[in-house]
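Coordinate inspection notes
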Amino acid sequence: LRHQRAPMACVERLRAEREAQPAGFSVDFLTTCHATPFTSHLHAGLRCIDLRFLDCSPRRLADGRLTREGTDSARLLFEGAAFVEEYYRRPGSRWPRFVVAAEEVWANVSSAMPGYQHVARFEGNIEGSAALVLLRLM
């Protein structure tokens, strides 16, 4: 068993997709906080790649504790499709060519993303998910 096998295999597939069709390449990672090693494995020299991931920045509560409650990452898990619909209506948002999500998350949000088709499944994720799925805008 290799640590982070699913995220690494998924990012390698994305690298191959970018190399095959670099124009308009974009990916959104609808995953939990820091679930994939994206930037370091998808770099394109001096060109900027359109990669986005959900905010999971902790905030400090009045009593001094830190929480991720209310972050995009947490809202995705608790609100599912309703969160995704709101997320893609935000100013500056766009529908990416690819989306990476945990398999169980995709099952809960697929109704909000009807233009996406499942293209690959990657097993061996240590984050408690059965697998990561790669989706492509058709």
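Since the structure is predicted, the reported quantities are computational estimates derived from the model, not experimental observations.

Thoughts on the overall build of the protein
Looking only at helices and strands, one finds five helices and seven strands in the protein. Helices and strands appear in the protein in the N-to-C order α-β-α-β-β-β-α-α-β-α-β-β. Taking all 138 residues of the protein together, 45% fall into the buried category. At a minimum sequence separation of 6, the contacts of the protein that also span at least 24 residues come to 61%. In the form shown here, the protein has an accessible surface area of approximately 7,700 Å², with 54% of it arising from carbon and sulfur atoms.

Digging into the nonpolar core
In terms of nonpolar packing, the biggest core is built from 19 residues, with Leu 30, Leu 76, Val 84, Trp 106 and Met 113 touching the most fellow members. Contributing elements (two or more residues each) for this core: α4 (81–87), β5 (98–102), α5 (103–109) and β7 (131–137). Looking at this core, the element that brings in the most residues is α4, giving four residues. Ranked by size, the runner-up nonpolar core spans 14 residues in total, among them Ala 6, Phe 25, Ala 120 and Leu 132.

Regarding the pairing of β7
Most of β7 is tucked away: six of the seven residues are buried. Here β5 runs beside β7; their pairing, made up of five bridges, is antiparallel. When the bridges of β7 are listed, Val 100 appears paired with Leu 134.

A few points about the packing of aromatic side chains
Within the structure shown, the criterion is met by five aromatic pairs. Aromatic side chains Phe 83 and Tyr 87 sit 5.5 Å apart centroid to centroid with 35° between the ring planes, which places their arrangement in the tilted category. With a gap of four residues between them, Phe 83 and Tyr 87 both fall in helix α4, about one helical turn apart. Each member of the pair Phe 83 and Tyr 87 is classed as buried. Taken together through their ring pairs, the aromatic side chains of Phe 83, Tyr 87, Tyr 88, Trp 95 and Tyr 116 make up a single cluster.

Rules used throughout
Residues numbered from 1 in each chain as written. Predicted model: local features only at pLDDT ≥ 70, side-chain atom pairs only at ≥ 80, totals over all residues. Heavy atoms only, no water. Helix = DSSP H or I, 4+ residues; strand = E, 2+ residues; numbered from the N terminus. Buried < 20%, exposed > 50% of the residue type's maximum accessible area, 1.4 Å probe, protein only. Contact = heavy atoms within 4.5 Å. Areas by Shrake-Rupley, 256 points an atom, 1.4 Å probe, with all protein chains shown as cover. Core = buried A, V, L, I, M, F, W, Y, C linked by side-chain atoms within 4.5 Å. Pairing = 2+ DSSP bridges. Phe/Tyr/Trp six-rings, centres within 6.5 Å; stacked < 30°, edge-to-face > 60°.

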